[in-house]
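Chain residues, written in single-letter form:
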Amino acid sequence: MITEEATEVTSVPVRAPAAAGRQPAGRKRPWDEAPRWQIYLPLGIYLVFTLVPFYWILLFALRPAGSTSLVPWPMTFDHFEKVWNERDFGVYFQNSVLTGVATLLLTTGVALAGGYALARFDFRIKRAFMLALLCTQFVPGALLLVPLFQIFAELKLINSLGSVILAETVFQLPLSMILISGFIRNVPYSLEEAAWVDGCGRLTAFRIVVLPLLRPGLIAVGSFAFVHAWNHFLFALMFLSDQTKQTIPVGLNTLMSADSVDLGALAAGGIIAAVPVVIVFAFIQKWLITGFSAGAVKG
């Protein structure tokens, strides 16, 4: 006979299995128990090494010539006036803006067309072509200076900003095409097909459907093309001989001579060269983060 005690069911609380990779509630991880000074001390050291060079540049740029004070007081802007007016940094700045904007537009436009072809079309040498694009990133620009100089000489582009713009665009295109093709692959192909069904052609469907979704990627690619053209020194030095055609990196080099270096003027010129790039990244940082994370989620 089955006794009543045997028929009684003991209620035992059942604990739900913890999700994979998730710590049970109440359990602290080793780094949660670390003292705060072990976190703030390395961050503080890194911050000091990062900010001290910037403060040193501001110090030389804002304090009077010959001063040894560690505080830029009394503050002076004579160094900025000197490099802008006497050293023709206004002309260098204008040339750098023109070179950077033109490189941005050319690189983005050509990379957009090439990236679409790589993402949407299949052809026999597609993988070999992608591999060739990647391999070009391992070739330093200095190795191609001589053939580029001969080509631009035949095209009568030496001592012209066009030579620098073309050279910068060519060197930015491979990586830009690969990045944009990745962004386009994340756009569902069904969206374009739906636009075709509605009567749109391929170009119209791309302009209306795909292009608005590529804005973060285009901003990321274009910003790096602009910054690279803005900071690049070698092409401007080799292809431009007229002082009125030179860019800011070459202008900074003219402030240093074999006999002496005007540290105040050099620091002021460095700030003039850095401020536009900092402002650009301050305004587009949201788009850059979105663009870099666009490939993490499948559309």
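Every chain is numbered independently, its residues counted from 1 as its sequence is written. Local features in this predicted model are restricted to residues of pLDDT 70 or higher, and side-chain atom pairs are both shown and tallied only at a pLDDT of 80 or more, whereas totals for entire chains, interfaces and linings draw on every residue. Hydrogens and water are ignored here; the side-chain numbers use all heavy atoms of the structure.

Caption draft 1: A look at helix α6 (residues 145–154). L145, L148 and F152 are the residues of α6 that are buried. Buried residues of α6, seen end-on, are gathered within an arc of 65 degrees and therefore sit on one face of the element. Away from its buried face, by an angle of more than 90 degrees, α6 presents the exposed residues V146, Q150 and E154. Buried residues belonging to α6 abut α7 (161–185) and α11 (234–239). Each helix corresponds to a stretch of at least 4 residues labelled H or I by DSSP, and each strand to a stretch of at least 2 residues labelled E; elements are numbered beginning at the N terminus. Within two residues after α6, K156 carries a phi angle of roughly 60 degrees, on the positive side. Relative accessibility thresholds used throughout: buried, under 20% of the residue-type maximum; exposed, over 50%; partly exposed, between the two (1.4 Å probe, protein chains only). Directions are taken from the helix axis to each C-beta atom, and the arc is the one they span. The contact criterion used throughout is that any non-hydrogen atoms of two residues lie within 4.5 Å.

Caption draft 2: Region of interest: the packing of aromatic side chains. Each pair of aromatic rings taken from Phe, Tyr and Trp, with Trp reduced to its six-membered ring, is defined by centres within 6.5 Å and is described as stacked if the planes are under 30 degrees apart, edge-to-face if over 60, and tilted in the remaining cases. Considering all chains together, one arrives at 13 aromatic pairs under this definition. Taking the centre distance of 5.0 Å and the plane angle of 75 degrees together, the rings of Y116 and F206 count as edge-to-face. Separated by 90 residues along the polypeptide, Y116 in helix α4 (residues 89–120) and F206 in helix α9 (residues 202–213) bring together distant segments of the chain. There is no split in this pair, since Y116 and F206 are both buried. Relative to W196, the ring of Y189 lies with its centre 5.6 Å away and its plane at 85 degrees, an arrangement referred to as edge-to-face. Under the relative-accessibility criterion, Y189 is labelled partly exposed at 32%. Using a relative accessible area of 26% as the deciding quantity, one classes W196 as partly exposed. Ring pairing ties together the aromatic residues F149, F152, F171, F235 and F239, which thus form one cluster. Positioned above the aromatic ring of F60, the side-chain terminus of R63 is 4.6 Å from the ring centre. Only when the NZ of Lys or the CZ of Arg is both within 6 Å of the ring centre and within 35 degrees of the ring normal is a charge said to sit over the ring.

Caption draft 3: A look at the packing of α4 against helix α10 (residues 215–231). Where helices are involved, their axes are fitted lines through C-alpha atoms of the stretch in contact, as for all axes, and angles between N-to-C directions lie from 0 to 180°. At a minimum axis separation of 8 Å, α4 and α10 run at an interaxial angle of 140 degrees. The two elements α4 and α10 cross, and the hand of that crossing is right-handed. For the pair formed by α4 and α10, the contact residues are F93, S96, V97, T99, G100, V101, T103, L104, T107, T108 and L112 on the first element and L218, G222, A225, F226, A229 and W230 on the second. Grouping the amino acids of the contact of α4 with α10 by side-chain chemistry returns ten nonpolar, seven polar and no charged. Handedness of a crossing is defined here by the sense of rotation of the near helix relative to the far one, left-handed for an anticlockwise turn of less than a right angle and right-handed for a clockwise turn. Lys, Arg, Asp and Glu make up the charged group, whereas Ala, Val, Leu, Ile, Met, Phe, Trp, Tyr, Cys and Pro make up the nonpolar group; the residues left over, Gly among them, are polar.

The values are spatial; any link to function lies outside them.
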